[in-house]
Protein chains: 2
Amino acid sequence: MSPPKNHDIPKGFIAGGVSAGIKSGRKLDLGMILCERPALTVALTTTNRFPAAPIKVSRERLRHAFSIRGIVANSGNANAMTGEQGHADALAMASAAEQATGSPAGSFLVASTGIIGRSLPVDKITAASPNLAGILSADGWDDFARAIMTTDTRPKLASRSLRLKGFGTFGVFGVAKGVGMIEPNMATMLAFILTDYPLSVGRAKSMLIKATDASFHCLTVDAQRSTNDMVSLMSSATGESKARRPAGADEKFLAALTGVCRDLARDMAADGEGASKLITIRVAGTNKDIQARKIAKAVANSPLVKTAIFAENPNWGRIIQAIGQSDVQFAAENVTVKLQGTTLVRRGEQASVNLAALQSAMRAPEIIIDITAGGGKGTAEVWTCDLTPGYIKINAEYN
Amino acid sequence: MSPPKNHDIPKGFIAGGVSAGIKSGRKLDLGMILCERPALTVALTTTNRFPAAPIKVSRERLRHAFSIRGIVANSGNANAMTGEQGHADALAMASAAEQATGSPAGSFLVASTGIIGRSLPVDKITAASPNLAGILSADGWDDFARAIMTTDTRPKLASRSLRLKGFGTFGVFGVAKGVGMIEPNMATMLAFILTDYPLSVGRAKSMLIKATDASFHCLTVDAQRSTNDMVSLMSSATGESKARRPAGADEKFLAALTGVCRDLARDMAADGEGASKLITIRVAGTNKDIQARKIAKAVANSPLVKTAIFAENPNWGRIIQAIGQSDVQFAAENVTVKLQGTTLVRRGEQASVNLAALQSAMRAPEIIIDITAGGGKGTAEVWTCDLTPGYIKINAEYN
């Protein structure tokens, strides 16, 4: 398979994916990322109270931020609610990856995604690991991205590069999956971000939190928080982390990191289970950002708004209904709502609308809803997708 | 049309419904309830921040609990987000009912349900009011119930009777509608409860709050709170409200009132938009009831659980995932989950299950999920329905 187009991969990382036989039909289902040296690694993991075995194993390993060399991830089985055997299986999966790549014990994170409550076919994974380790390459990213897909219809990759005069050129690259059971409150299904920009642990963690808050936290497909969510950030530049950096370098890195995370989050929304449209909801004018986000999420999670958009039906009463149930204090008479740039409600009153033109504008692949709640400085942007018969078909049949 | 079967109507009330031409196809769309005297009336109304015009008018009138003689309600148009004209229309609708029944000005509550943001065809309503007033009768309840239906597939009626030795025989009777945009946080779409049991205003209000909390607040179809929600309680026994009542009478009345409200709420869940199954979720073992309800609602509002049940698929991992995201503190290792009486998770560990028997049990029209979260005394019961292609079809086409 050809290397992903238009993505510069940060120095020091290789990847690949194989079919280990977890999923049917010889689909790619086991992937590996390897760093040529121990990478500085931080991660955010699910807030679900039933974390899966690989999450528990990875959390333990993340206590040593400089010991991580790689990530092994499978799709087709979440290894969640699998008890002590599941924990042992997650450890065995990591161990097989470490042995196959000649890495020290304890140096791999492990991630799983797929159905909850089924035993992990760990023998298939350990059997496939040496072969997988043997094919890791600078061109293996598309295979890795495909190996972590479940109901995703396409691999999800994003990148930015950073040219800092007198300091160097750096890359930020991310791979993600996740199209259902998605409303992250901490992280999202699986997202692996790589860089060769030098970072301290504290800086890496605070930047990952900021970037996640402005990206994966703005995403909802179905308001469901998975047991297996993880977003990790690995930097291969460990040795250079004390180098003197030019003024504003960290801000530029944070912008690049946030850009990668936003690209991935928007792609996840657009590829939401059964989705036919990406929906972007922008809210302004609340007192605080968190209030704007609550309003945006109330609209984004409304199945009535989502089905209306699927039908390309400008039924704005449902947008108003969703705003009104958001538990945020605002004056109804200050609310303005636009759909595809057309004002539907101006200061709490219905506006006159050219319905034919609006209906035609709703045929676009991205629907943008702008809400102004008052005169405050709070803002938010949230992405979701429409609710279609495809969502039900996928989830009724999934097992 | 024949009177509703098996329902004793409390003394003093008559009702009816006609087609005023708001909905197409000569469907019933305008209904009226009339009390032969001013009835003690209390109500709970929506917490949505964009209350519809009829809600605002009714709230104003409810300040005088003994002045209400009747209710006029239409379907096919919510009269919400309709500005000053909508307010004038709601007043005109009430006024037409008052004139047609010879009732004093200000003595009718008004309720509307249907699409948001369209002008109420008030001329059709005022024109139909004299005819409607002329056909009100003791047998008109089925017509009234049909006149307030939107996407409901059947009228919703429930009753209890109360025999209190040495005090009398009383009835509690309710009519409701509501199958979409339903997660009441205060009341539900529309529910009108009638009784001839004597009540004071304070007692009526506190009992309605208690009964609603144990019924309509336990209901969710799609976690959407309407702009038009109202549940009202009218008693025709105003004159007798100071009579000495036997010990325990109020408790028996509250039980009857709660029973009527629960019957209506369960019927609303079973008739949820597109529903093929009623889902009952019972939670026990939390510290407080409110925590049990949060867990139950997290499961009830999970589109993944709802689609799995539509598919008659015992995908219990989704139940666990929903419990785990509920933001309630509990120990995962204490959680037990049963589906149709079959234990799936026992104290946090997967139980061995006869899958064939369970799959067969999932063909039932009611699915019961029992969750024990620990050793506390908190409990809750919540009702919802499955998520089917019918929900999307109904809501994509509705306009």
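Residues numbered from 1 in each chain as written. Chains lettered and ligands numbered in written order. Predicted model: local features only at pLDDT ≥ 70, side-chain atom pairs only at ≥ 80, totals over all residues.

**Regarding the overall build of chain A**
Tallying secondary structure elements over chain A gives eleven helices and 14 strands in all. Computed over its C-alpha atoms, the radius of gyration of chain A comes to 22 Å, within 12% of the 21 Å expected for a compact globule of 399 residues. Taking as baseline every contact in chain A between residues at least 6 positions apart, the subset at least 24 positions apart corresponds to 80%. (Helix = DSSP H or I, 4+ residues; strand = E, 2+ residues; numbered from the N terminus. Rg over C-alpha atoms; globule rule 2.2 N^0.38 Å. Contact = placed C-beta atoms within 7 Å.)

**Side note on helix α3 (residues 122-135) of chain A**
Residues and elements named next belong to chain A. An ideal rise of 1.5 Å per residue puts 20 Å on 14 residues; α3 measures up with 20 Å between its terminal C-alpha atoms. The largest bend in α3 amounts to roughly 40° and is located at Ser129, with the proline Pro130 lying one to four residues further along. Taken together, the buried positions of α3 are occupied by Val122, Ile125, Ala128, Ser129, Leu132 and Ala133. Residues of α3 that are buried make contact with β1 (13-18), β2 (30-45), β3 (68-75) and α2 (83-101). (Expected span 1.5 Å × (residues − 1). Bend = angle between axes of the 7 residues up to and from the residue. Buried ≥ 20, exposed ≤ 12 C-beta atoms within 10 Å, placed from the backbone.)

**Remarks on the sheet that holds strand β9 (residues 278-286) of chain A**
Residues and elements named next belong to chain A. In space, the six strands of this open sheet follow the order β12-β11-β10-β13-β9-β14, with mixed pairing throughout. Pairing within the sheet leaves two strands with one partner each, and these edge strands are β12 (349-350) and β14 (378-385). Two elements, strand β10 (residues 336-339) and strand β13 (residues 366-372), share four bridges in a ladder whose sense is antiparallel. Residue pairing for β13: Thr336 is matched across the bridge by Thr372. (Pairing = 2+ DSSP bridges.)

**Thoughts on the nonpolar core**
Counting residues in each nonpolar core, the largest one holds 265 residues, and the members touching the most others are Ile193(A), Ile295(A), Val299(A), Ile193(B), Ile295(B) and Val299(B). Residues within four places of Ile193(A) in sequence aside, it is in contact with Val172(A), Gly174(A), Val231(A), Ser232(A), Leu233(A), Leu257(A), Val260(A) and Cys261(A). (Core = buried A, V, L, I, M, F, W, Y, C linked by C-beta atoms within 7 Å.)

**Some details on the domain arrangement of chain A**
Residue and element names in this part refer to chain A. The domain boundaries assigned to chain A delineate domain 1 (13-270) and domain 2 (278-397). Inter-centroid distance (C-alpha atoms) of domain 1 to domain 2 is 32 Å. Counting from both sides, the interface comprises eleven residues of domain 1 and, opposite them, eleven residues of domain 2. Looking at the side of domain 1 that touches domain 2, its residues break down into seven nonpolar, three polar and one charged. (Domains from an automatic or database assignment. Nonpolar A, V, L, I, M, F, W, Y, C, P; charged D, E, K, R; others polar.)

**Regarding the relation of the copies chain B and chain A**
Placing chain B over chain A gives an RMSD of 0.0 Å and needs a rotation angle of 180°, together with 0.0 Å of translation along the axis. This pairing of chains is accounted for by a two-fold axis. Identified as the residue of chain B closest to the rotation axis by C-alpha distance is Pro389(B), at 2.7 Å. When the interface residues of chain B are mapped onto chain A, 100% of them again lie at the interface, so the same face is used by both copies. (Least-squares fit on C-alpha atoms with pLDDT ≥ 70 in both.)

**Here we look at the pairing of strand β11 (residues 342-346) of chain B**
Consecutive side chains along a regular strand alternate between the two faces of the sheet. Residues and elements named next belong to chain B. Sheet analysis places strand β10 (residues 336-339) next to β11, joined by three bridges and oriented antiparallel. Looking at the pairing, Val337 lines up with Val345 of β11. Judged from the two bridges that link them, β11 and strand β12 (residues 349-350) form a sheet pairing that is antiparallel. Bridge assignment links Val345 to a residue of β12, and that residue is Gln350. Linking two consecutive strands that pair antiparallel, namely β11 and β12, is a turn of two residues; a positive phi of about 45° is found at Arg347 within it.

**Thoughts on the sheet that holds β12(B)**
Residue and element names in this part refer to chain B. Reading across from one edge, β12-β11-β10-β13-β9-β14 is the order of the six strands in this open sheet, with mixed pairing throughout. Strands at the two margins of the open sheet, each flanked by one partner only, are β12 and β14 (378-385). Pairing between strand β9 (residues 278-286) and strand β13 (residues 366-372): seven bridges, direction parallel. By the bridge assignment, Ile281 is partnered in β13 with Ile369. Taken strand by strand, helix α6 (residues 249-270) contacts β9 and β14, and its axis lies near 45° from that of β14. (Axes fitted to C-alpha atoms, helices over the stretch in contact; angles between N-to-C directions.)

**Describing the interface of chain B and chain A**
Listed by partner, the interface residues are 41 residues for chain B and 42 residues for chain A. Of all elements in the fold, only α8 (303-310), α9 (317-324), β12 and α11 (389-397) of chain B reach the threshold of two or more residues within the side of chain B that touches chain A.

**Quick look at unusual backbone geometry**
All names here are of chain B. One non-glycine residue with positive phi stands out, namely Arg26, at about 55°. Within the secondary structure, Arg26 is located in the loop between β1 (13-18) and β2 (30-45). Given 10 C-beta atoms within a 10 Å radius, Arg26 is considered exposed.

**Digging into the environment of Lys23(B)**
Residues and elements named next belong to chain B. Among the secondary structure elements, Lys23 is positioned in the loop between β1 and β2. Of the residues examined, Lys23 has 19 C-beta atoms within 10 Å and is grouped as partly exposed. Considering only alpha carbons, one finds Lys23 and Asn74, 51 residues apart in sequence, at a separation of 9.7 Å. Ignoring any residue separated from it by four or fewer positions in sequence, one finds Lys23 in contact with Asp29, Ser75 and Gly76.

**Re α6(B)**
Residue and element names in this part refer to chain B. Here α6 is 22 residues long and its end C-alpha atoms lie 32 Å apart, about the 32 Å a rise of 1.5 Å per residue gives. Phe253, Ala256, Leu257, Val260, Cys261, Leu264, Ala265, Arg266, Asp267, Met268, Ala269 and Ala270 are the residues of α6 that are buried. Turning to α6, the residues buried within the fold contact β5 (156-164), β6 (168-177), β7 (190-195), α5 (201-213), β9 and β14.

**Digging into the environment of Ala284(B)**
All names here are of chain B. Positionally, Ala284 belongs in strand β9. The class for Ala284 is partly exposed, based on 19 C-beta atoms found within 10 Å. Taking the C-alpha atoms as reference points, Ala284 and Ile371, 87 residues apart in sequence, are found 6.3 Å from one another. Setting aside its immediate chain neighbours within four residues, Ala284 contacts Ala292, Thr372 and Thr379.

**Considering the pairing of strand β6 (residues 168-177) of chain A**
Residue and element names in this part refer to chain A. With eight of its ten residues buried, β6 lies for the most part within the structure. Bridge analysis of strand β5 (residues 156-164) against β6 gives nine bridges, and the strand direction is antiparallel. Each bridged residue has a counterpart across the sheet, and for Ser159 the counterpart in β6 is Phe173. Linking β5 back to β6 in an antiparallel pair, the connection comprises three residues, with Gly166 at a positive phi of about 75°.

**Let's talk about the packing of α5(B) against α6(B)**
Residues and elements named next belong to chain B. Interhelical geometry of α5 versus α6 gives an angle of 45° and a closest axis separation of 9 Å. Classified by the interaxial angle, the pair formed by α5 and α6 is oblique. For the pair α5 and α6, the sense of crossing is right-handed. Contact residues: α5 offers Arg203, Met207, Lys210, Ala211 and Thr212, while α6 offers Asp250, Leu254, Leu257, Thr258 and Cys261. Each residue belonging to the contact of α5 with α6 can be placed in one class, and the counts come to five nonpolar, two polar and three charged. (Parallel < 35°, antiparallel > 145°, perpendicular 65-115°, else oblique. Left-handed = near helix turned anticlockwise from the far one by under 90°.)

**Topic: the environment of Thr342(A)**
Residues and elements named next belong to chain A. Within the fold, Thr342 resides in strand β11 (residues 342-346). Owing to 18 C-beta atoms within 10 Å, Thr342 belongs among the partly exposed residues under this scheme. Considering only alpha carbons, one finds Thr342 and Ile369, 27 residues apart in sequence, at a separation of 9.3 Å.

**Observations regarding the confidence of the model for chain A**
Any region with low pLDDT has predicted coordinates that should not be read closely. Residues and elements named next belong to chain A. With 92% of its residues at a pLDDT of 70 or more, chain A shows a mean pLDDT of 87. At the level of individual helices and strands, chain A shows its lowest average pLDDT in helix α11 (residues 389-397), which scores 83, and its highest in α3, which scores 97. Overall, residues 184-188 carries pLDDT values under 50, and its contacts beyond four positions in sequence, including any with other chains, amount to 27 contacts. Prediction confidence for the complex, expressed as pTM and ipTM, is 0.79 and 0.71 respectively. (pLDDT = per-residue confidence, 0-100.)

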